Amino acid sequence: MSLVSTPFEPRATAADVLAGVDLTGKRMIVTGGASGLGAETVRALAGAGARVTVATRNAAHAKALVEEFAGVDVATLDLADLASVRTFCAGWEGPVDAIVANAGVMALPTHQKNQQGWELQLATNFLGHFALITGLRPALQAAGRARVVMVSSGAHLMGGFDFDDPHFARRPYDPFAAYAQSKTADVLLAVGVSRRWADDGIRANACAPGFIHTNLSRHIPVETMQAMGAMDTDGHLITPDYFKTPEQGAATSVLLAASPLLEGVTGRYFEDNKELAVVPGGPGVTTGVAEWAVDPAAADRLWDHAFPVVNEALPDVGSR
Ligand SMILES: NC(=O)c1ccc[n+]([C@@H]2O[C@H](COP(=O)([O-])OP(=O)(O)OC[C@H]3O[C@@H](n4cnc5c(N)ncnc54)[C@H](O)[C@@H]3O)[C@@H](O)[C@H]2O)c1
């Protein structure tokens, strides 16, 4: 099977990717859409005519986007709180053509858990999105050819999903291992959706945006930022050549959410506007998608692991 490519350069912007694409009549949700890459994702989709709901913990943060585009609205969503996800899903009306699962938190310095006892990066980056997507399955089905976009990270190459100890009960908590695990889980969720919901016309893919200065890095230690060449010794941000702008970082997300070039493509992993090859993963591997993130058996196992938790929290919402 050959890798999916597109005419777009790695540094194309989200607006470039959607040039000439008319999304009038499409309804889309962008989680974490009030800041960083999410805000640029919203701008590009709304700029192409889609009606976009910014799903965010603090609606006030989306004020500028709502004022900028007539087609942008805002709804409250805290992915770390399944009751909040339930309220969001219960309040949703009509079809949804694309969900961009963009919200995320990285390298939380302390070991925190959500109400269900899930480690908080996994709870936010994966479980909340799993609940949202399964809760909105009828809305995805109703759209016809709906798309799910899991915004993962090249950090998933650092580690797979530890089914024996996903919440760091028996191993020491490691902020980066927890982030890597959550981002592997995001790719596995795209694989799971692509395997289970293909008959509904629902397509799901994952992507990595690249490196972009956003609020995401606020928990990264100064020494790590300096080693990346992204901060000087005085603590000022530097932008190395390998970094992208937020507009460029959102390009692959909107490609997967809305480009006609991706019609029918499902269960794949993209970066820089093209599909990446499967690689072993592990220390020193910096590009590609790790075998452990696209393993169908792991995708099924993760689905079965998370489903009872979500089903208990959202018993009356959606269908799976
Ligand atoms: N910036 C990068 O270099 C980079 C690299 C790889 C992957 N990513 C991924 O891109 C995505 C977007 O990140 P970003 O760089 O724009 O960072 P960001 O911090 O600007 O955006 C993340 C968004 O997620 C929201 N969020 C966090 N916890 C939430 C919760 N419990 N409920 C609802 N929303 C919540 C935040 O409020 C914020 O709006 C993330 O999934 C991140 O893992 C970013």
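Residues numbered from 1 in each chain as written. Predicted model: local features only at pLDDT ≥ 70, side-chain atom pairs only at ≥ 80, totals over all residues.

In the annotation of an unreviewed UniProt entry, the entry for the chain reads Oxidoreductase, and the organism field reads Streptomyces camponoticapitis. Turning to the chain, the UniProt record has this under Sequence similarities (unreviewed entry): "Belongs to the short-chain dehydrogenases/reductases (SDR) family." (UniProt positions renumbered as here; feature names shortened; annotations may be inferred.)

(A) Examining the packing of helix α2 (residues 36-47) against helix α10 (residues 251-258) more closely. Running from N to C, α2 and α10 cross one another at 45°; their axes reach a closest spacing of 9 Å. The angle between α2 and α10 places the two elements in the oblique class. The two elements α2 and α10 cross, and the hand of that crossing is right-handed. Every residue of α10 that contacts α2 at Leu37, Thr41, Ala44 and Leu45 is listed here: Ser253, Val254, Ala257 and Ala258. Of the residues belonging to the contact of α2 with α10, the class tally is six nonpolar, two polar and no charged. (Axes fitted to C-alpha atoms, helices over the stretch in contact; angles between N-to-C directions. Helix = DSSP H or I, 4+ residues; strand = E, 2+ residues; numbered from the N terminus. Parallel < 35°, antiparallel > 145°, perpendicular 65-115°, else oblique. Left-handed = near helix turned anticlockwise from the far one by under 90°. Contact = placed C-beta atoms within 7 Å. Nonpolar A, V, L, I, M, F, W, Y, C, P; charged D, E, K, R; others polar.)

(B) A look at the confidence of the model for the chain. Looking at the chain, pLDDT values average 96 and 99% of them are 70 or higher. Summarising per-element confidence for the chain, the mean pLDDT is lowest in helix α8 (residues 222-227) (93) and highest in strand β4 (residues 98-101) (99). Quick note on the complex model: pTM equals 0.98, ipTM equals 0.99. (pLDDT = per-residue confidence, 0-100.)

(C) A look at the environment of Ala297. Within the secondary structure, Ala297 sits in helix α11 (residues 296-313). The class for Ala297 is exposed, based on 7 C-beta atoms found within 10 Å. (Buried ≥ 20, exposed ≤ 12 C-beta atoms within 10 Å, placed from the backbone.)

(D) Main features of unusual backbone geometry. Unlike most non-glycine residues, Ala107 shows phi in positive territory, near 55°. Secondary-structure assignment places Ala107 in the loop between β4 and α5 (120-135). Of note in this structure, Phe168 is not a glycine but carries a positive phi near 60°. Mapped onto the elements, Phe168 comes out in the loop between β5 (147-151) and α7 (175-196). The class for Phe168 is partly exposed, based on 17 C-beta atoms found within 10 Å.

(E) Layout of the pairing of strand β2 (residues 51-56). Buried residues dominate β2, accounting for five of its six residues. Between strand β1 (residues 27-31) and its parallel partner β2, the chain crosses via α2, and the hand of that crossover is right-handed. Here five bridges tie β2 to strand β3 (residues 72-76), and the two strands are oriented parallel to one another. Directly across from Thr53, in β3, lies its bridge partner Asp73. A crossover connection joins β2 to the parallel β3 through helix α3 (residues 63-68); in handedness this β-α-β unit is right-handed. (Right-handed = clockwise from strand over helix to strand, strands pointing away. Pairing = 2+ DSSP bridges.)

(F) Molecular detail of the nonpolar core. In terms of nonpolar packing, the biggest core is built from 98 residues, with Leu45 and Val254 touching the most fellow members. Per-element tally for this core: the top contributor is α7, with 10 residues. Here Val254 is in contact with Ala14, Val17, Leu18, Thr41, Ala44 and Leu45, once residues within four sequence places are set aside. (Core = buried A, V, L, I, M, F, W, Y, C linked by C-beta atoms within 7 Å.)

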